[in-house]
Amino acid sequence: SRTGAAGPDDTLTVLDGVDLDVAPGEVVVILGPSGSGKTTLLGLLAGLDRPTSGEIALAGASLSTLDEDARAALRADRIGFIFQSFHLIPTLTAFENVIVPLELLGPDRAPKAAEAKAKARELLTSVGLGSRLDHYPAQLSGGEQQRVGIARAFANQPAVLFADEPTGNLDTRTGSHIVEVLFELNREQGATLVLVTHDQGLAELCERRLLLDAGELVSG
């Protein structure tokens, strides 16, 4: 991906010639120093950004052929996200935050209201928050908020799950528990999992490790 720099004839190369295939059900971690392009690559793979050149196919769809509305619909229907900063909606309870992705599903996959509520309760219980359904994000610890984020990410039974530094804002002990919760849910649902992390313990649990350096994929 190339974006404009200070001058009209200058470009900043963020990613350069990255060629990557991720198989269905694979668990992949992207490693590299700060500024190497990890988060940019994740955003491109998820269809949040467009590359200046090259092709990206996600869950069987070529992103270059889709407009923004179609890409948003694909993400809502087939993709899950877990963020370092949780990104929960502060005015919604934990239960309501997990319901949101179910409400965004297309008409062929959207569950009935009662089914959506049951699914949200089931997911929050599975991450250890069955007694915290009605708590707002501000009433939850960082680890609890991330568990809500994990439950939300799996709500639409995604084909692909992207996680950007999922333990980055957590202490070591809490982060280890979050990793256990994440991998247990993923074993149950079988999503393709693509992570960006500096957590070596988390990286070692992944089937495949990729290294980015200065925008280039140097191993994987």
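The residue count restarts for each chain, going from 1 along the sequence in the order it is written. The model is predicted, so local features are restricted to residues of pLDDT at least 70 and side-chain atom pairs to those at 80 or more, both for listing and for counting; the totals for chains, interfaces and linings are taken over all residues. With hydrogens and water set aside, each side-chain value is computed from the structure's full complement of heavy atoms.

Q: Which parts of the structure should I look at to understand the environment of Gly47?
A: Position of Gly47 among the secondary structure elements: in the loop between α1 (38-45) and β4 (57-58). For the exposure calls, accessible area comes from a 1.4 Å probe over protein chains only, and a residue counts as buried if that area is under 20% of its type's maximum, exposed if over 50%, partly exposed in between. The class for Gly47 is buried, based on a relative accessible area of 0%. Between the alpha carbons of Gly47 and Glu68 there is a distance of 8.9 Å; along the sequence they are 21 residues apart. Excluding its chain neighbours within four sequence positions, the residues that come into contact with Gly47 are Leu63, Arg71 and Arg75. Numbering of helices and strands runs from the N terminus; a helix is a DSSP stretch of H or I covering at least four residues, while a strand is a stretch of E covering at least two. Residues are treated as being in contact if the distance between any of their heavy atoms lies within 4.5 Å.

Q: What am I meant to see in the pairing of strand β8 (residues 192-196) here?
A: Side chains on a regular strand alternate between the two faces of the sheet. Along β8, five of the five residues are buried, which leaves the element largely enclosed by surrounding structure. Of the two faces of β8, both are covered, the one formed by Thr192, Val194 and Val196 as well as the one formed by Leu193 and Leu195. DSSP-based pairing: two strands are paired if at least 2 bridges between them are found. With four bridges connecting them, strand β3 (residues 27-31) and β8 associate as parallel partners. Bridge pairing in β8 links Val29 to Leu195. Pairing analysis gives five bridges linking strand β7 (residues 160-164) to β8, with the strands arranged parallel. Across the sheet, residue Ala163 finds its bridge partner in β8, namely Leu195. Handedness rule for crossovers: strands pointing away from the viewer, path from the first strand over the helix to the second running clockwise, crossover right-handed. A crossover connection joins β7 to the parallel β8 through helix α6 (residues 172-189); in handedness this β-α-β unit is right-handed.

Q: Any chance you could explain the packing of aromatic side chains here in plain terms?
A: Note on aromatic pairs: each is described by the distance of the centres and the angle between the planes. For this analysis, a ring pair means two rings from Phe, Tyr or Trp (six-membered ring only for Trp) whose centres lie within 6.5 Å, classed as stacked if their planes differ by under 30 degrees, edge-to-face if by over 60, and tilted for the remaining angles. With the rule as written, the count across this model stands at two aromatic pairs. Between the aromatic rings of Phe81 and Phe83, the centroid separation amounts to 5.9 Å while the plane-to-plane angle is 10 degrees, which identifies the pairing as stacked. When its relative accessible area of 18% is taken as the criterion, Phe81 is described as buried. Chaining the aromatic ring pairs together yields one cluster made of Phe81, Phe83 and Phe162.

Q: What exactly am I supposed to notice about the nonpolar core here?
A: Side chains that are nonpolar tend, in soluble globular proteins, to be buried together. To define a nonpolar core, start from buried Ala, Val, Leu, Ile, Met, Phe, Trp, Tyr and Cys residues and group those joined through side-chain atoms within 4.5 Å. In this structure, Val98, Leu124, Val148, Ile150, Leu182, Phe183 and Leu195 are the most contacted members of the largest nonpolar core, which totals 40 residues. Counting only elements with at least two residues in this core, the list comes to β3, α3 (94-103), α4 (113-126), α5 (142-154), β7, α6, β8 and α7 (200-204). For this core, the leading source of residues is α6, giving six residues. Residues contacting Leu124, with those up to four places away along its chain left out, are Ala94, Phe95, Val98, Leu129, Gly130, Leu133, Val148 and Ala151. Among the nonpolar cores identified, the runner-up in size contains 22 residues, and Ala46, Leu66, Val194 and Leu210 belong to it.

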